[in-house]
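# Results of the structural survey
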Amino acid sequence: MHDATGVASVGWLMIALPLLGAAVLLLGGKALDKAGPYLAVLLSWAAFVIGLLIVLQLRGRGAEERAMHLHLYSWIPAGSLNLDAGLLIDQLSTTFVLLITFVGSLIMVYSLGYMEHDPDKRRFFAYLNLFVASMLLLVLADSYVLLFVGWEGVGLASYLLIGFWNWNPAYATAANKAFFLNRVGDMGMLLAMFIMFWAWGKLDFAGVNAAVAGTGKGTLLAIGLCLLVAACGKSAQFPLQSWLGDAMAGPTPVSALIHAATMVTAGVYLIVRSNVIFTASENARLAVCIVGAITLAAGAIIGCAKDDMKKALAASTMSQIGYMVLAAGLGPVGYAFAIFHLVTHGFFKAGMFLGAGSVMHGMNDQVDMRRFGGLSTVMKITWVTFGLGFLAIIGFPGLSGFWSKDKIIESAFIGEGWKPWVFGLTALLAAGVTAFYMSRLFFMTFMGKRRWTEDVHPHESPLTMTIPMMILAVGSAFLGLILGPTNIITDWLEPVVGAHEEGHPVIGQYPLMAITVVLMIIGVAIAWKMYWRDDVPITPPVGSPLTQAARRDLGQDDLNEAVFARPGLHLTRSLVFFDNKVVDGGGNGMAAGIGGSSARLKKMQNGYVRSYSLTMLLGVVAILGAWWVVQ
Amino acid sequence: MSDFPFLTTLGVIPLVGAAVVSLLPKGSARLARPVALVFSLITLVVGIVAATQFKTGGGQPQFQLTETHSWIPQFGVSYALGVDGMALALILMSLVLVPISLLAAWNDVPEGGRREQTYFALLLVLETFMVGVFAATDVFLFYVFFEAMLIPVYFLIGLYGGPRRQYAAVKFLLFSLFGGLIMLVAVIALYQQGPGGDQGFLVSTLTGLNMSASTERLLFVGFFIAFAIKAPMWPVHTWLPDAASESKPAVAVLLVGVLDKVGTFGMIRFCLQLFPEASKWATPVVIILALISIVYAAIAAIGQNDMMRLIAYTSVSHFGFIVLGIFAVTQTSMIGSQLYMINHGFTTAALFLFAGFLIVRGKSKNITDYGGWQRITPVLGGVFLIAGLSGLALPGLNSFVSEFLVMIGTFQRYQVAGGIAVVGVVLAALYVLLMIKNVLTGPKPQLAAGPDGTLALGDDGTRPHTGVTDTLFDEPDTKIEDIPAEAKVRGSSIRDLDLREKTVAGVLVAILVVLGFFPKPALDLLRPAVSQTLQHVGVQDPSPHADANPEGSSK
């Protein structure tokens, strides 16, 4: 690998600038209340410009010559574990850099409008900058340990931003829940690193990748599963997914940036970054596929039942990341498509969240879609931009999702035995469900009759908000077309994720495409009948048992509560009792015993000279004895 | 310069300071604080100069900056001082923590006068003993400092502590004396095993003795019990929560952050170095105790309502990590443990002192009496959060590096133990975040002066759940409009950090961040000491086993 030259040699600035912004804004005090947010946005764009220049620099080289390594400093020189901090600037990391800084900067511009009247907006922008810096560190790190710093850094930023309005105790709980479930995932990450160091004595990507060949299957499987646990925590995959819905407590730009476009996709990044390990372990990949398939189905079902606009979008995010995880689990046929869908999803989902924010902005922070309806007439820009994102996600032919998601469905059908049928059909059917729940969301919000509460006067949002929405909408529409059929994305990523394997799906490519489109149309049609043509009741109907379960996130919280939280609570209480009464009681009992003996010893002070002289004699004998022993 | 008795000087300066502080005439009693601070700062400067004289390269003797004088030659006792990287790092940490603590303790004795003079003098005396105990290279001299430390701490807790200070002080003393007496027997018996002579108590004389296995084991146990009480490990940890909770925060910092390190320091310097075979024999038991400490104390911490007790329990959990790393005896785990000792000192100092800043304002140690304080003391809230994040070993902050090294090094040799230790990482998130949530978040509290002039918290919805009754996974269904409007906006008379407190907080936070991103100077200092210890124990690092399967519960 080459040492970084040119612009890439100052690649660390991409991380340092937003970090500096965060520090300045947090330490600057009230003096920066006005200028601070603009500084934060500026620094984020600066990171984008550097990233763009680096990509241009990379494009100027041959495909195999592009990856560069930037050594920073000696970080943990602990002897046998000797770790340097460095950046890995390659096709995969720079793809993420562009996504993070471009979408991130757009969302920060949007936030200038959205958070204009918030008294704490300086703190908000500081946290956003902290997030951008951490996320860039995550994707640019050259070792698992440094990646982990960014990994927990984004977790911290997410925690701070979910709890940004934490004067509401429920929001503070949501923040804690997100951090805690992420920590459970982090346990997997730590164990994966432990096993790597135990097996190979390496923790940097280059060293690990070189050592994989010739390693036992069991070790690779263990590492793969631990990495999968980590990915589940961060990317809200089954069984650690339950935090994402609650995370919508954060301001909507945060939901767009962190909980849709970038941070939650870090798990996919981790798996693709570790592609050498996963390619070598078929069983680990199978586990990844299973997790992805379960989550994409569960997310789609939950998405159908939610009336809270943001929570419906969150369920959709979960489901779409399920697609990416599934693709990553498919191995060399899927890695590039996982990243492709990640990028297009980053655009259309961020765009839709910003649209949701725009709706909330106009509707006094209402999120219940049963109180929306007919907004297309009063919020035209929001309607059109959201509509493009909506068409993209359901896979409308020609738009971004059509190119990226259908590739995943197609890849899922590749293989032998039961697997292509199970994974392929799950992905295919869920695509139909996706069309249904997204249409439901879109029709309930923008179409049909107005069901507004009396005091709202919806209006279009200011330009600071709508311009980012427009740009993201253009991306949602055309990005897939630009990157997909031209093979730009697969060719670009090939040196990192390995040569793309062409496989033959068990169903022909064109019939499959046709079936997908038909399913999509059916999904839209059902939603059209239920939520556009027919009136939407303001109070939600009781619904089938499945709907009820889906409203409760398919019981994940209830399960966590029953299996972990309540027993944990009892364990904590009994342990504190045990510690106070039994363990400490032992010490106190001893003290009482000593007290008793001292009472008896007191009796020896009886005033009789003969008794004292006896004691003195014993003492002298003891000292002489000690002397004799020592000599 | 290299012959200059740096270590003695480091001990003498605070002692002189203590004398000056306590002898100040009545009229100038208010000078006690600045004088004490100046003396501690001078000590720190001398300490830094001494550190520049220390050579980290290879081929150095075990101890540098040595001084050896005959003290009681008949008994083989010498006044012998010297430091390796570990001892020097611990001394430097202590020298940094003392002025910070003094500054934090500025208003601990509001009545001033003689009582205040004594308080600050005792703190300085304590500093002398701290230097002595880490610098002693004579086993007997170490023992003298080990016991002498108890005296100032006993008075600092017993005279200046909270309502149950008597109980806490006596409990602390009894536990410590119990361990100390067992150690005394072991110290004398160890001397008997050695060659004797007028330098018979020197560590170097007593290293590598030929003893029968049973003698070595008995001596090991004698030392280990004393250190386990000091460290403290489960099940002899129960004195610590009481002592920490009843102490002033500054005293708690020196007690938990520095003095308890003597336990883990002793395990490395004496247990491993003097009794290598017995250490191997005892390893399984010690590792199990360490794991129990990690998990048990973390769960106990979750259940505490008293902030000071909570922090004390987190320390017990962290000491479990340190002991685990010491007895896993890999290069990585050992350097992790030694770095952890340093990091834990600063992290605990930040937690205790910032909690102390809260307690001074809120007049209560109970978490349930707080809530929403981020709204009234944002700076304090911010630094408290950072201290908490350091406590849960967030990557990028100091503790992560050391905790990671301990666990990954332990995993090399003991996969199951390394796997169990990871549970402590998850539990740490719980005890820290629940405390943070219940203290800092929630609606702005309404505070009013009570009849006795203390502050009482209003009660319409401003008291959040306690850490114990809170369930982790309840839905965020409270609507913004459900929160009473006045709860969001009403101000109060509580002020955020003043300049003195900001200085304390700023220095500590800077250390937490710098040691997280740039631990190299500390690691460079510690690496030779670790190699030395490994050499004494005679253990090799396991080599990578790419082809085998990991055992046990490593998934």
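Residues numbered from 1 in each chain as written. Chains lettered and ligands numbered in written order. Predicted model: local features only at pLDDT ≥ 70, side-chain atom pairs only at ≥ 80, totals over all residues. Heavy atoms only, no water.

### Side note on the overall build of chain B
Within chain B, the regular secondary structure consists of 22 helices and four strands. Going through the 555 residues of chain B one by one, you find that 65% of them count as buried. The long-range fraction of contacts in chain B, counting pairs at least 24 apart against all pairs at least 6 apart in sequence, stands at 81%. If you sum the accessible surface of chain B, you get close to 18000 Å²; carbon and sulfur atoms cover 64% of it. (Helix = DSSP H or I, 4+ residues; strand = E, 2+ residues; numbered from the N terminus. Buried < 20%, exposed > 50% of the residue type's maximum accessible area, 1.4 Å probe, protein only. Contact = heavy atoms within 4.5 Å. Areas by Shrake-Rupley, 256 points an atom, 1.4 Å probe, with all protein chains shown as cover.)

### Re the packing of helix H16 (residues 380-393) of chain A against helix H19 (residues 463-483) of chain A
Residues and elements named next belong to chain A. The geometry of H16 relative to H19 is characterised by a closest axis approach of 9 Å and an angle of 25° between their N-to-C directions. Considered as vectors, H16 and H19 are oriented roughly parallel to each other. Like other packed secondary-structure pairs, H16 and H19 cross with a definite hand, here left-handed. Here Ile381, Thr382, Thr385, Leu388, Gly389 and Ala392 of H16 come into contact with H19, specifically with Thr466, Met469, Met470, Ala473, Ser476 and Ala477. Of the residues assigned to the contact of H16 with H19, the class counts are seven nonpolar, five polar and no charged. (Axes fitted to C-alpha atoms, helices over the stretch in contact; angles between N-to-C directions. Parallel < 35°, antiparallel > 145°, perpendicular 65-115°, else oblique. Left-handed = near helix turned anticlockwise from the far one by under 90°. Nonpolar A, V, L, I, M, F, W, Y, C, P; charged D, E, K, R; others polar.)

### Topic: the packing of helix H3 (residues 91-114) of chain A against helix H4 (residues 121-140) of chain A
All names here are of chain A. Running from N to C, H3 and H4 cross one another at 175°; their axes reach a closest spacing of 9 Å. When the axis of H3 is compared with that of H4, the two are roughly antiparallel. Of the residues in H4, those in contact with Ser93, Phe96, Val97, Ile100, Thr101, Met108, Ser111 and Leu112 of H3 are Phe124, Phe125, Leu128, Asn129, Val132, Met135, Leu136, Val139 and Leu140. Residues that form the contact of H3 with H4 fall into these classes: 13 nonpolar, four polar and no charged.

### Here's the deal with the nonpolar core
Judged by nonpolar contacts, the single largest core of 433 residues is most densely connected at B:Phe223 and B:Phe354. Sort the elements by how many residues they give to this core and helix H6 (residues 169-200) of chain A lands first, with 20 residues. Among residues more than four places away in sequence, those in contact with B:Phe354 are B:Ala349, B:Leu380, B:Val383, B:Phe384, B:Ala387, B:Ala505, B:Leu508 and B:Val509. (Core = buried A, V, L, I, M, F, W, Y, C linked by side-chain atoms within 4.5 Å.)

### Side note on the packing of aromatic side chains
Residue and element names in this part refer to chain B. The final tally for this structure, using the stated rule, is 55 aromatic pairs over all chains. Taken together through their ring pairs, the aromatic side chains of Phe134, Phe142, Phe146, Phe223, Phe227, Phe265, Phe270 and Phe275 make up a single cluster. Looking at Lys230, its charged tip hangs above the ring of Phe146, at a distance of 4.8 Å from the centre. (Phe/Tyr/Trp six-rings, centres within 6.5 Å; stacked < 30°, edge-to-face > 60°. Lys NZ or Arg CZ within 6 Å of the ring centre and 35° of its normal.)

### Concerning the domain arrangement of chain A
Bring the parts together and some accessible area is lost; that lost area is often taken as the interface size. The domains assigned to chain A are domain 1 (328-334 + 349-551) and domain 2 (554-630). The centre of domain 1 of chain A, based on its C-alpha atoms, is set 67 Å off from the matching centre of domain 2 of chain A. (Domains from an automatic or database assignment.)

### What about the sheet that holds strand S1 (residues 2-3) of chain A?
Residue and element names in this part refer to chain A. One open sheet holds the three strands; their spatial order is S1-S2-S3, and the pairing between them is mixed. Edge positions in the sheet fall to S1 and strand S3 (82-89), since each has one partner strand and no second. The pairing of S1 with strand S2 (residues 68-77) spans two bridges and is classified as parallel. By the bridge assignment, His2 is partnered in S2 with Met68. (Pairing = 2+ DSSP bridges.)

### Section: the interface of chain A and chain B
Facing the 80 residues of chain A at the interface are 90 residues of chain B. Of the roughly 7500 Å² buried between chain A and chain B on both sides combined, carbon and sulfur atoms contribute 70%. Summed over the three residues of chain A that lose the most area to chain B, namely A:Trp167, A:Phe194 and A:Trp198, the buried surface amounts to 12% of that side. On inspection of chain A and its partner chain B, the count reaches one salt bridge. (Buried area = accessible area lost by both parts, 1.4 Å probe. Salt bridge = Lys/Arg side-chain N within 4 Å of Asp/Glu carboxyl O.)

### A closer look at the pattern of salt bridges
Residues and elements named next belong to chain A. All told, the structure shown has 27 salt bridges over all chains when counted by the stated rule. Residue Arg122 is joined to Asp33 by a salt bridge in which the shortest nitrogen-to-oxygen separation is 2.7 Å. Residue Arg122 is located in helix H4, and its partner Asp33 is located in the loop between helix H1 (12-28) and helix H2 (36-59); the two are separated by 89 residues in the primary sequence. The salt bridge partner of Lys306 is Asp553, with a shortest N-O separation of 3.1 Å.

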